[in-house]
Amino acid sequence: METSAGHPPESSHNVNSDDILQPENRHNANSSSPRTTFEPAVSDSQYDDLPEPSKTKISSDLPPPTGTTPPQVKRRRRRKRFFTDMIPTSVSAAAVTGLRVLRPNPKPSTAYSYSETELATGDDLSKHHNRRRRMSDLAKEVDVEALIAISVGFPVDSLTEEEIEANVVSQIGGVEQANYIVVRNHILARWRSNVTVWLTKDHALESIRAEHKNLVHSAYTFLLQHGYINFGVAPAIKEVKFKPPEGVSKGNVIVIGAGLSGLVAARQLISLGLKVVVLEGRGRPGGRVRSKKMTGGQNGVAAAADLGGSVLTGINGNPLGVLARQLGVPLHKVRDICPLYLPNGRTVNPDIDSKVEASFNKLLDRVCKLRQAMLDEVRSVDVSLGTALEAFRHVYRVAEDPQEQMLLDWHLANLEYANASLMSNLSMAFWDQDDPYEMGGDHCFIPGGNERLIRALAEDIPIFYDRKVESIRYGTDGVLVYADGQEYHGDMVLCTVPLGVLKKGSIEFVPELPQRKKDAIERLGFGLLNKVAVLFPYDFWGGEIDTFGHLTEDPNMRGEFFLFYSYSSVSGGPLLIALVAGEAAVKFEKMSPLESVVRVLEILKGIFSPKGIAVPDPLQAVCTRWGQDQFSYGSYSYVAIGASGDDYDILAECVGDRVFFAGEATNKQYPATMHGAFLSGMREAAHILRVADRRISPAEKSNTSSQENVSVVDKFFDTPDLKFGNFSVLYDPMSTDLESNCLIRVELQGEKSLHLYSLISRRLALELSKLEGDLRRIEMLTRDFGMKLVGWNNLSAAVGSLFTSIESARSI
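Residues numbered from 1 in each chain as written. Predicted model: local features only at pLDDT ≥ 70, side-chain atom pairs only at ≥ 80, totals over all residues. Heavy atoms only, no water.

A. The arrangement of the overall build of the chain in detail. Scanning the chain from N- to C-terminus turns up 25 helices and 27 strands. On the chain, roughly 33,600 Å² of surface is accessible, and the fraction owed to carbon and sulfur atoms is 50%. (Helix = DSSP H or I, 4+ residues; strand = E, 2+ residues; numbered from the N terminus. Areas by Shrake-Rupley, 256 points an atom, 1.4 Å probe, with all protein chains shown as cover.)

B. Summary view of helix 16 (residues 515–523). Considered for burial, the residues of helix 16 that qualify are Lys-517, Ala-520 and Ile-521. One side of helix 16 holds all its buried residues, which, seen down the axis, span an arc of 100 degrees. Where helix 16 is buried, its residues meet helix 15 (499–504), helix 20 (646–652) and strand 23 (659–661). (Buried < 20%, exposed > 50% of the residue type's maximum accessible area, 1.4 Å probe, protein only. Arc of directions from axis to C-beta. Contact = heavy atoms within 4.5 Å.)

C. How the structure looks around the sheet that holds strand 23. Spatially, 10-4-3-14-23 is the arrangement adopted by the five strands of the open sheet, whose pairing is parallel. Sheet topology places strand 10 (463–464) and strand 23 at the edges, where each strand pairs with a single neighbour. Pairing geometry for strand 4 (residues 275–279) and strand 10, over two bridges, is parallel. By the bridge assignment, Leu-279 is partnered in strand 10 with Phe-464. (Pairing = 2+ DSSP bridges.)

D. Representation of the packing of helix 8 (residues 260–271) against helix 21 (residues 674–694) in the model. Orientation of helix 8 relative to helix 21, taken along the N-to-C sense of each, is 35 degrees, at an axis distance of 7 Å. For the pair helix 8 and helix 21, the sense of crossing is right-handed. From helix 8, Leu-260, Ser-261, Val-264, Ala-265, Gln-268 and Leu-269 reach across to helix 21, where they touch Met-674, Ala-677, Phe-678, Ser-680, Gly-681, Met-682, Ala-685 and Ile-688. For the contact of helix 8 with helix 21, the class distribution of residues is ten nonpolar, four polar and no charged. (Axes fitted to C-alpha atoms, helices over the stretch in contact; angles between N-to-C directions. Left-handed = near helix turned anticlockwise from the far one by under 90°. Nonpolar A, V, L, I, M, F, W, Y, C, P; charged D, E, K, R; others polar.)

E. Structural view of the packing of aromatic side chains. By the definition in use, this model includes 23 aromatic pairs. When the ring of Phe-222 is compared with that of Tyr-228, the centres are 6.0 Å apart and the planes differ by 20 degrees; the resulting orientation is stacked. Members of the aromatic cluster, joined through ring pairs, are Tyr-341, Phe-536, Phe-540, Trp-541, Phe-548, Phe-564 and Phe-608. Across from the ring centre of Tyr-396, 3.7 Å away, lies the NZ or CZ of Arg-366, which sits over that ring. (Phe/Tyr/Trp six-rings, centres within 6.5 Å; stacked < 30°, edge-to-face > 60°. Lys NZ or Arg CZ within 6 Å of the ring centre and 35° of its normal.)

F. Inspection of the sheet that holds strand 26 (residues 741–748) at higher detail. With antiparallel pairing, four strands are arranged side by side in an open sheet as 24-25-26-27. Two strands in the sheet have a free side with no partner beyond their single neighbour: strand 24 (722–724) and strand 27 (754–761). Taken over all neighbouring pairs, the strand axes of this sheet differ in orientation by 20 degrees on average, direction set aside. Strand contacts of helix 23 (residues 762–769): strand 24, strand 25 (727–731), strand 26 and strand 27, with the helix running at about 125 degrees to strand 27, the strand carrying the most contacts. The sheet strands contacting helix 24 (residues 774–784) are strand 24, strand 25, strand 26 and strand 27, and the helix crosses strand 25 at an angle near 50 degrees.

G. Structural detail: the side chain of Ser-291. Relative to the assigned elements, Ser-291 resides in strand 5 (residues 291–296). Among the residues examined, Ser-291 registers a relative accessible area of 1% and is labelled buried. A polar side-chain atom of Ser-291 sits 2.6 Å from a polar atom in the side chain of Asp-306. (Polar contact = N/O pair within 3.5 Å; in protein donor to acceptor, adjacent residues only side chain to side chain.)

H. Representation of the nonpolar core. Core analysis: the largest hydrophobic core is formed by 78 residues, its most contacted members being Tyr-180, Ile-187, Leu-260, Leu-274 and Phe-678. By residue number, the principal contributor to this core is helix 21, which donates ten residues. Look past the residues within four positions of Leu-260 in its chain and what remains in contact with it is Gly-286, Val-289, Leu-320, Ile-454, Leu-457, Met-674, Ala-677 and Phe-678. (Core = buried A, V, L, I, M, F, W, Y, C linked by side-chain atoms within 4.5 Å.)

I. Region of the structure containing the packing of helix 10 (residues 350–373) against helix 12 (residues 385–395). For the pair helix 10 and helix 12, interaxial distance at closest approach is 10 Å and the crossing angle is 115 degrees. Taken as axis vectors, helix 10 and helix 12 run roughly perpendicular relative to one another. The way helix 10 lies across helix 12 gives a crossing that is right-handed. Across the interface between the two elements, Leu-363, Leu-364, Arg-366, Val-367 and Leu-370 from helix 10 touch Leu-385, Ala-388, Leu-389, Phe-392 and Arg-393 from helix 12. Counted by class, the contact of helix 10 with helix 12 contains eight nonpolar, no polar and two charged residues. (Parallel < 35°, antiparallel > 145°, perpendicular 65-115°, else oblique.)

J. How the structure looks around empty space enclosed by the protein. Empty space within the largest cavity amounts to approximately 340 Å³. What lines the largest cavity is a set of 29 residues, and nearest its centre among them are Gly-257, Thr-496, Val-497, Pro-498 and Phe-631. Taken together, the residues of the lining of the largest cavity break down into 13 nonpolar, ten polar and six charged. (1 Å grid on protein atoms, 1.4 Å probe; cavity = no way out; pocket = protein on both sides within 12 Å on 5 of 7 lines; lining within 4 Å. Points joined across faces, edges and corners; volume = space filled by probe spheres on them.)

K. Just the pairing of strand 26, in detail. With five bridges joining them, strand 25 and strand 26 adopt antiparallel strand pairing. Along strand 26, the bridge assignment pairs Leu-730 with Leu-743. Direction of pairing for strand 26 relative to strand 27: antiparallel, over a ladder of eight bridges. Bridge pairing in strand 27 links Cys-742 to Ile-760.

L. View of the pairing of strand 11 (residues 469–475). Extensive coverage of strand 11 is indicated by the burial of six of its seven residues. Examined bridge by bridge, strand 11 and strand 12 (residues 478–483) share six bridges and lie antiparallel to one another. From the neighbouring strand, Ile-472 faces strand 12, where its bridge partner is Val-481. Judged from the three bridges that link them, strand 11 and strand 15 (residues 508–510) form a sheet pairing that is parallel. Among the inter-strand pairings, Ser-471 is bridged to a residue of strand 15, identified as Glu-508.

M. Representation of helix 21. Along its 21 residues, helix 21 runs 31 Å from first to last C-alpha, staying within 8% of the 30 Å computed at 1.5 Å per residue. For helix 21, the buried fraction is high: 19 of the 21 residues fall into the buried class. (Expected span 1.5 Å × (residues − 1).)

N. Region of the structure containing the confidence of the model for the chain. The predicted model of the chain has a mean per-residue pLDDT of 82, with 78% of residues at 70 or higher. Confidence over residues 1–122 falls short of pLDDT 50; this stretch has 368 contacts with residues more than four positions distant or in other chains. (pLDDT = per-residue confidence, 0-100.)

O. Structural context of the side chain of Arg-325. You can see Arg-325 is positioned in helix 9 (residues 319–327). A polar side-chain atom of Arg-325 sits 3.1 Å from the main-chain carbonyl oxygen of Arg-192.

P. Fine view of the pattern of salt bridges. According to the stated counting rule, one finds 32 salt bridges in the structure shown. Arg-690 is paired through a salt bridge with Glu-165; the nearest N and O atoms lie 3.5 Å apart. Pair noted here: Arg-690 is in helix 21 and Glu-165 is in helix 3 (residues 161–165), with a separation of 525 residues, a long-range link. The partly exposed category is assigned to Glu-165, whose relative accessible area is 47%. Connected through shared salt-bridge partners, Asp-409, Glu-416 and Arg-558 make up one network. (Salt bridge = Lys/Arg side-chain N within 4 Å of Asp/Glu carboxyl O.)

Q. View of the environment of Lys-355. One can find Lys-355 in helix 10. Here Lys-355 falls in the partly exposed class, since its relative accessible area comes to 47%. Counting along the chain gives 49 residues from Lys-355 to Glu-404, while the straight-line C-alpha distance between them is 8.7 Å. Within the local environment of Lys-355, its side chain forms a polar contact with the side chain of Glu-404, the two groups lying 2.9 Å apart.

R. Main features of unusual backbone geometry. Omega for the peptide link from Val-510 to Pro-511 comes to -5 degrees, which places this bond in the cis form. Although it is not a glycine, Tyr-633 adopts a positive phi angle of roughly 55 degrees. Mapped onto the fold, Tyr-633 is located in the loop between strand 21 (620–624) and strand 22 (637–638). Not every positive phi belongs to a glycine, and Asp-657 is a case in point at roughly 55 degrees.

S. Just the environment of Met-428, in detail. With respect to the helices, strands and loops of the structure, Met-428 is situated in the loop between helix 13 (402–419) and strand 9 (444–445). Assessed through its relative accessible area of 1%, Met-428 is described here as buried. Between the C-alpha atoms of Met-428 and Val-639, which are 211 residues apart in sequence, the distance is 9.1 Å. The contact partners of Met-428, leaving out residues within four places of it in the chain, are Val-367, Leu-370, Arg-371, Met-374, Asp-382, Val-383, Ser-384, Leu-385 and Ala-388.

Okay, here's the thing in structure tokens:
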């Protein structure tokens, strides 16, 4: 959950999170021996009081000699974008036709849509001119609001899959859809202009004609339930969100994991009327977002180090930027001045730097053209990105000079950093499948560390810490979660653990997850990035840069401390963080923390000592070991050879309307990012609400319809698809998949026959049929499979669609 080396400054270093908004709608957010610590699981049980960033820069006692200021370097991107044609650079109001939602006498600075007949008629020439001018102004405002919607992730002239599933319009395409898009964009932009207040539906209606009230209701409800508006930690938002919901609870949800996705989902679910409990294995919230307070020295030097997710990668539309605005935190733009240093400490020649960077981008372009040519067969012939790049490098004789080779290796290390994996593991076909969706705008740090956001999100949420989940059992009657010897019952469970935990098999699922999901878990990669955070008594590297890089002669160790982040301007103290990527990140986990810090100091001395700048002994150092962390087993996901973006979608699929999944590795558009985790939590909260709303509770069923259904079911069970002992089974006629649902009935003999039911997979039904004796079968069903036999009225709503399929098939 990182970004690349810096991104250039154009103006101020402190920026607001939504610079795309109209100006009138912006709201400003108001010398001792080193102490080295080992951070294997970063699981401190108490919060640290993170320092605020210092208002004055700490200057070095030994400033660099005149003339040694490193040259500015061209923008070093995280990765090259290959699909820019999929994202429009501008949006014309003409792209949205048939707009008829303009209210007469509109207020200034609000967006409306219009019809040409309304604006182009009139006998008075001046009135005609004024209307034409208003039409032009409105078109511009519609354009601006469309751009804001695009920055959030909405397409320019179509609906998202979520909107289609939510039935926001009666018919796809046409005038109603076009009008809906303008209304949706207007509501979204209006709230984004002031994210500290709760936008009501009445406020949204103020600038829309009364006859389009239904569109406002549709758009407002969708944006609210899916977390696009009225989210966050502002006091006015929390006041409304945490009001006791009216009526009975819509269900109980167990959220596993108090990382970004789990916290966001829990907050949203509570506001939507569901009861929530969060189980967290660590003794703190945040997951892979971890800010560590570092202190030392006689003067009490202190700084906040982000040991996990650190950079907001693109601020336009970023929900984390909204949280920062609500908390009044000014963001620090990561400046693009990133000098590179040779092993001997000299600055890389700018001409050679530009030449190699251009060659590197050309190599990526050639790989892109190759895969386009083989697109139809790519799934069967996928190779590693590293193999393809190396082949082209030899063919075109790129970087044959030793210094050029080191520079190329640095760019490859930067690519391995962005993907948390070796080049040899990345899919040539799909490694950058998420590039079309990258959020625009500056990349930023949050002063004081990202845990400031985590703390705010964790407030008022029922979180049980030190609860390591061992198993999840689910069936027609709900879910049962075992954690540290305790049982937690719920209607649904949201699993937000990292992909590394799923790959490790640390959590048992009963029944097992569908093979389709297990295959996706296996195919997707989960990589490694490590850091060494070093606190110094003063800033000796200079405050005019946020990043600088270091080249190495060993290609196999190109990712070892190849990039340094300066946190002096945002952490509250003189702090450097050295990154370890690629193969070096794997080897790093076996090094002692002291050895790692000594190596960092050697590199720093090699860079600054020739300039006459002494490198002081550090006050404290912290080394991460994310690969050894039992609650993550790595850093973030990537598309491995043989995988594709579709695997993110498969990982996001729910199982049986009981088990749901969130986290960065379930977000096809924004994987490996903090905002991707955030958005996945919002997505699943909306998904869980849909399932809860359509689940019919026994109290809502009429006795008449229930008896009718039982009568029809009994008739179907006269000719079951499978029968053994007193067990009868009806298959789903629409599927032959062994993991498809089937309805099983057990007849208990007595004075009156009693029928009990359960919804299980076809595979489990076949396993039951192989056993001898009904008692053994019931024992396997309830104990081993974790299922419950219930009366017809207590079956979940999931049986409804199966019953409909059976009824339709047997009536033919």
